[in-house]
Amino acid sequence: MAIERTLSIIKPDATKRNLTGQINEKFEAAGLRIIAQRRLQLTSVQAELFYAVHQDRAFFRDLCDFMISGPVVVQVLEGENAVTRNREIMGATNPANADDGTIRAMYAESIQANSVHGSDSIENAAVEISFFFSQIDIVG
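Residues numbered from 1 in each chain as written. Predicted model: local features only at pLDDT ≥ 70, side-chain atom pairs only at ≥ 80, totals over all residues. Heavy atoms only, no water.

1. Details of the nonpolar core
Then step 1. Counting residues in each nonpolar core, the largest one holds 22 residues, and the members touching the most others are Ile-9, Met-67, Phe-132 and Phe-133.
Then step 2. Of all the secondary structure elements, the ones that give two or more residues to this core are strand S1 (3–10), strand S2 (33–40), helix H3 (44–50), helix H4 (60–67), strand S3 (72–80) and helix H7 (122–132).
Then step 3. Residues Leu-19, Ile-23, Met-90 and Ile-103 belong to the second largest nonpolar core, which totals 14 residues. (Core = buried A, V, L, I, M, F, W, Y, C linked by side-chain atoms within 4.5 Å. Buried < 20%, exposed > 50% of the residue type's maximum accessible area, 1.4 Å probe, protein only. Helix = DSSP H or I, 4+ residues; strand = E, 2+ residues; numbered from the N terminus.)

2. Quick notes on unusual backbone geometry
Then step 1. The backbone of Asn-18 shows a phi angle near 60°, a positive value even though the residue is not glycine.
Then step 2. For Asn-18, the location among the structural elements is in the loop between helix H1 (12–16) and helix H2 (20–29).

3. Thoughts on the packing of aromatic side chains
The relation between two aromatic rings is expressed through the spacing of the ring centres and the mutual angle of the planes.
Then step 1. One pass over the full model with this rule turns up 4 aromatic pairs.
Then step 2. Relative to Phe-131, the ring of Phe-50 lies with its centre 5.3 Å away and its plane at 65°, an arrangement referred to as edge-to-face. Of the two residues, Phe-50 sits in helix H3 while Phe-131 sits in helix H7, which places them 81 residues apart along the sequence.
Then step 3. Classification of Phe-50 by relative accessible area gives buried; the value is 12%.
Then step 4. For Phe-131, a relative accessible area of 34% gives the class partly exposed.
Then step 5. Taking 4.8 Å as the distance between ring centres and 75° as the angle between the ring planes, the aromatic pair formed by Phe-131 and Phe-132 counts as edge-to-face.
Then step 6. Pairwise contacts between aromatic rings join Phe-50, Tyr-51, Phe-131 and Phe-132 into one cluster. (Phe/Tyr/Trp six-rings, centres within 6.5 Å; stacked < 30°, edge-to-face > 60°.)

Printed below as a string of structure tokens:
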């Protein structure tokens, strides 16, 4: 199995409810290590740049507005098949479709306020990680 890195974002709905520790416990219990972490308040420009892939979609503005509505925790997770594993732990984007015990089934408030973001591929993980972290920030 391959050791991979993936980006995880704990979204404003979860940080506002002080769920960072509970969410991170799920990642760590599943064998993922947090090797970089930062709590920050995204600016409008940062949110727009990060989610630029969605700029032509109807939900883009609402997504960006939501992501700047409160602090987020951005982090790099490392472990065997980290991208896939993280996505399994998060659950389906729509919490109504998320499996029991997943982060979104447990904590999400809606499709948008679904508590977490995770990279969807190894390639996107590299791009997303470099958006928030330099190599010196990542301690593996």
